[in-house]
Every structure is written in structure tokens, then in C-alpha cells.
Amino acid sequence: MDLLESGCSREEIETALNITLHAPEAVKQFIQKRRITLFKQIETKFGFGFALHLCLQLRLRKARETQSLLSTFAYPFVLILSGYCVLCLFLFIILPTLESNQSLFEQPNLLGSAVLQTMFITFSGILLITLFYLIYRMLTKPYSLYRLLIRIYPVNPWRISLSKKLAFHIARLLGLGLSTREIYLTIASFPNEPMLAKIAGDILIELTSGLIPHDSLQLLDPFLIRILSIDSHPDFIQKLENYDKVAQI
């Protein structure tokens with residue numbers, strides 16, 4: 001990425017790193033296999049260098065975002081998992097042992113261990129089914145799940161992450177001198193990005209109708225919506241990049 005950003009040619013990069021940059025195996029190694037389709041699509045429109053740089057930036061951003069989420073949720077996840085294991089240990093080992101010796105109880109237990117165990121297993125089953133259902137909906141119908149999440153929890157990590165990704169792509173494509181319509185048309189054609197493609201497609205519909213995008217932006221971070229409403233500002237790209245940094249914080 002440093003060599004690409006410094007303006008080095010493909011031959012200079014290959015000589016400096018002793019690699020064959022244009023080889024399919026090297027591209028897969030650098031940008032990962034799941035981004036190959038996007039890479040080929042961007043390469044066809046904007047060239048090899050821009051496509052490689054964009055995909056490398058996406059990989060780095062994804063790694064940083066994943067690391068940030070893991071560091072944020074690691075402690076509460078371990079805490080909840082530990083509590084779940086302790087409760088399981090109590091219900092299935094400690095409580096039956098105590099019940100086997102009724103002399104340890106001053107008062108009889110109103111709910112026997114069998115009842116508590118049944119309640120615990122039922123709750124665990126419902127929780128597991130709900131988790132699998134959410135994963136299934138996220139893979140098959142992410143747009144409806146996303147809208148539902150926004151209604152329940154307006155400021156959520158998914159909304160911020162999606163807004164950051166859209167701001168990043170707009171800034172990169174705008175740097176190529178594309179028009180607003182061309183930018184959203186390109187984003188709407190991105191593979192493996194159903195949410196970005198849907199929002200960009202809705203924006204295109206409003207632009208085609210001669211309207212200023214409004215309803216199509218309501219699924220984004222309100223902070224980003226205010227920035228996109230003044231896309232004619234001379235510092236528009238800088239504002240998008242600053243938003244990316246602020247949203248990460």
C-alpha cells in the first residue's frame with residue numbers, strides 16, 4: 001500500500017518486493033479470495049492499481065474493525081459465558097447433590113432441581129434457536145433485519161459500520177473525478193455487498209426522479225446524512241475522511 005500510494009509503477013513494486021504482482025495467486029494472497037470478484041470489476045473500470053489499492057484498504061479496514069469489535073465485546077462475552085457455565089454447574093451438579101441430603105435444608109425447595117433444569121434447558125434452546133434464526137436472516141434477508149434493528153436500536157454498530165463503508169467508497173471514487181450518479185451506480189453494482197448496493201440503488205432512484213436524496217439516506221448514520229447533504233462543498237472528500245475517523249472513535 002505504501003508503494004502504491006507513493007505512485008510507484010507495477011514494475012517498480014514487483015522489483016522492490018521481488019514478487020509477480022499481477023499473478024492471480026499473488027492477488028488472491030493480498031486481497032483475499034472473497035474480494036476477487038470485486039477486484040476484477042473495479043479493475044475493468046478503473047485499472048489494476050486502483051483496484052488493488054482499494055481492495056487492500058478494504059482488507060485493512062476490515063481487520064481493524066474486527067479487532068475493535070473483539071476488544072470491545074471480549075470481556076462481556078467471557079463474563080456472560082462464565083455466568084452461564086456457573087449456572088449450569090449449579091443446576092446440574094451442586095443442586096442435585098444438595099437435594100440428595102434434605103437435612104441441609106431448613107426449608108424445602110419450592111422448585112425442585114428437575115423443574116429448574118427443565119426451565120434452563122428450555123431457555124437455552126430458545127436462545128440457540130433465536131441465534132440461528134438471526135444468523136439465517138442476516139445471510140438471506142439482511143435488509144429487513146437491518147431496518148428492524150434500527151427501529152429497536154437506532155445508534156448501533158451495524159449502522160455505523162455501514163455508514164463508514166459507504167463514506168469510504170464515495171471518497172475513493174470521488175477522487176477519480178466521477179459524478180455523483182456514477183459513484184452510486186458503481187457502488188450499487190458491488191458484489192457481496194447487499195446493503196450498500198440497496199442503499200446506493202435507492203439513492204439512484206431518487207436522483208433519476210430529479211429529487212435530492214432524502215428517504216434513501218434514512219438508514220445511514222444521521223451524522224453522515226448531514227455531510228452527504230452538502231456534497232457540493234469544496235472540502236467534501238476531507239469531510240468524508242474525517243467522518244470515518246470520528247465514527248471509528
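In what follows, the structure referred to is the one given above.
Attention in this report is confined to the structure presented alongside it. (Residues numbered from 1 in each chain as written. Predicted model: local features only at pLDDT ≥ 70, side-chain atom pairs only at ≥ 80, totals over all residues. Heavy atoms only, no water.)

### A short note on the environment of Lys-245
Alright, step 1. Mapped onto the elements, Lys-245 comes out in helix 12 (residues 236-248).
Alright, step 2. Relative accessible area serves as the criterion here: at 55%, Lys-245 is assigned to the exposed category.
Alright, step 3. Sequence separation of Lys-245 and Phe-120 is 125 residues, and the distance between their C-alpha atoms is 43 Å. (Helix = DSSP H or I, 4+ residues; strand = E, 2+ residues; numbered from the N terminus. Buried < 20%, exposed > 50% of the residue type's maximum accessible area, 1.4 Å probe, protein only.)

### Some details on the pattern of salt bridges
Alright, step 1. Scanning the model with the defined rule gives five salt bridges in all.
Alright, step 2. One salt bridge in this structure joins Arg-172 and Glu-241, with 2.8 Å as the shortest N-O distance. Note that Arg-172 is positioned in helix 8 (residues 157-174) and Glu-241 in helix 12, a separation of 69 residues in sequence. (Salt bridge = Lys/Arg side-chain N within 4 Å of Asp/Glu carboxyl O.)

### What to know about helix 7 (residues 142-152)
Alright, step 1. Burial in helix 7 covers these residues: Pro-142, Leu-145, Tyr-146 and Ile-150. All buried residues of helix 7 fall inside an arc of 140° around its axis, so they share one side. Opposite its buried face, helix 7 presents the exposed residues Arg-151 and Ile-152, each directed more than 90 degrees away.
Alright, step 2. Those residues of helix 7 hidden inside the fold are in contact with helix 6 (113-140), helix 8 and helix 10 (194-208). (Arc of directions from axis to C-beta. Contact = heavy atoms within 4.5 Å.)

### Topic: the nonpolar core
Alright, step 1. Grouped together as the largest cluster of nonpolar side chains are 47 residues, with contacts concentrated most on Ile-170, Ile-187, Leu-228 and Leu-240.
Alright, step 2. With eight residues, helix 5 (residues 48-99) is the single largest residue contributor to this core.
Alright, step 3. Beyond its immediate chain neighbours, meaning those up to four positions away, Ile-187 contacts Leu-166, His-169, Ile-170, Leu-173, Leu-196, Ala-197 and Ala-200. (Core = buried A, V, L, I, M, F, W, Y, C linked by side-chain atoms within 4.5 Å.)

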